[in-house]
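Residue-level listing of the chains:
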Amino acid sequence: MILKVISAQGILFQGEVDSVTLPGTEGEFTVLRNHASLISTLEPGTVTYHHDGRSGEVQVNGGIIDVDNNVVSVCIY
């Protein structure tokens, strides 16, 4: 699936991932390939993604997430 992390300054990350873990308002959650469509708000924390045995992370101060058709769009504050 594709992960896009977007801020007011531009795209911070865009690429293929196997999973992404996010700091949701109701608690941390993980999105995998073929996840149901979802819109949620994010709390301050870390967005962690994994692909081919490697991982990366982006610190966020909050934002929103949209999951649709194997595209995870994270708009951060």
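For the structure given in this document, a descriptive report is provided here. (Residues numbered from 1 in each chain as written. Predicted model: local features only at pLDDT ≥ 70, side-chain atom pairs only at ≥ 80, totals over all residues. Heavy atoms only, no water.)

1. A word on the overall build of the chain
Quick reminder of the rule: Under the DSSP-based scheme used, a helix requires at least four consecutive residues in state H or I and a strand at least two consecutive residues in state E, with every element numbered from the N terminus. Here the globule rule reads 2.2 Å times residues to the power 0.38, and the radius of gyration is calculated from C-alpha atoms. Accessibility here uses a 1.4 Å probe with only protein chains present; expressed as a share of the type maximum, an area under 20% marks a residue as buried, one over 50% as exposed, and anything in between as partly exposed. Throughout, a residue-residue contact means that at least one pair of heavy atoms, one from each residue, lies within 4.5 Å.
On a plain count of helices and strands, the chain comes out with 0 helices and 9 strands. Shown N-terminal to C-terminal, the secondary structure of the chain runs as helices and strands in the order β-β-β-β-β-β-β-β-β. Relative to its length of 77 residues, the chain is compact, with a C-alpha radius of gyration of 11 Å against a globular reference of 11 Å. Taken along the three principal axes of its C-alpha coordinates, the chain extends 25 × 25 × 20 Å. Counting across all 77 residues of the chain, residues that qualify as buried make up 39%. For the chain, restricting intrachain contacts to residue pairs at least 6 apart in sequence, the fraction spanning at least 24 positions comes to 40%.

2. Digging into the side chain of Thr21
The line we're drawing: Polar contacts, as used here, are pairs of N or O atoms within 3.5 Å; protein pairs need one atom able to donate a hydrogen and one able to accept it. Residues neighboring in sequence count only if both atoms are side-chain atoms.
As for its position among the elements, Thr21 is in strand β3 (residues 19-24). A polar atom in the side chain of Thr21 sits 3.0 Å from the side chain of Thr30.

3. Side note on the pattern of salt bridges
Note the following rule: Each reported salt bridge corresponds to a side-chain nitrogen of Lys or Arg within 4 Å of a carboxyl oxygen of Asp or Glu.
Following the criterion strictly, the structure yields 1 salt bridge and no others. For Arg33, the salt bridge goes to Glu16, with nearest N and O atoms at 2.8 Å. Of this pair, Arg33 sits in the loop between β4 (27-32) and β5 (38-42) while Glu16 sits in strand β2 (residues 10-16), and the two are 17 residues apart along the sequence. Its relative accessible area of 43% is what places Arg33 among the partly exposed residues.

4. Some words on the nonpolar core
The line we're drawing: Buried residues of nine kinds, namely Ala, Val, Leu, Ile, Met, Phe, Trp, Tyr and Cys, make up a nonpolar core once their side-chain atoms join them within 4.5 Å.
If you look at the biggest cluster of nonpolar residues, it comprises 19 residues, and the most contacted ones within it are Leu3, Val20, Leu22, Val31, Ile65, Val72 and Val74. Elements supplying a minimum of two residues to this core: β1 (2-7), β3, β4, β6 (45-51), β7 (54-60), β8 (63-68) and β9 (71-76). Looking at which element gives the most residues to this core, the answer is β9, with 3 residues. Beyond its immediate stretch of four places on either side in the chain, Ile65 contacts Leu22, Phe29, Leu38, Ile39, Ser40, Leu42, Val72, Ser73 and Val74.

5. Things to note about the environment of Gly45
Within the fold, Gly45 resides in strand β6. Residues Gly45 and Gly27 lie 18 residues apart in sequence; the distance between their C-alpha atoms is 11 Å. For Gly45, the residues in contact, after removing those within four places along its chain, are Pro23, Val58, Gln59 and Val60.

6. With respect to the pairing of β2
Quick note on the threshold: Whether two strands pair depends on DSSP finding at least two bridges between them.
The pairing of β1 with β2 spans 6 bridges and is classified as antiparallel. Paired with Val5 across the bridge in β2 is Phe13. Taking the residues between adjacent antiparallel strands as the criterion, β1 and β2 are bridged by 2 residues.

That is the geometry; function is a separate question.
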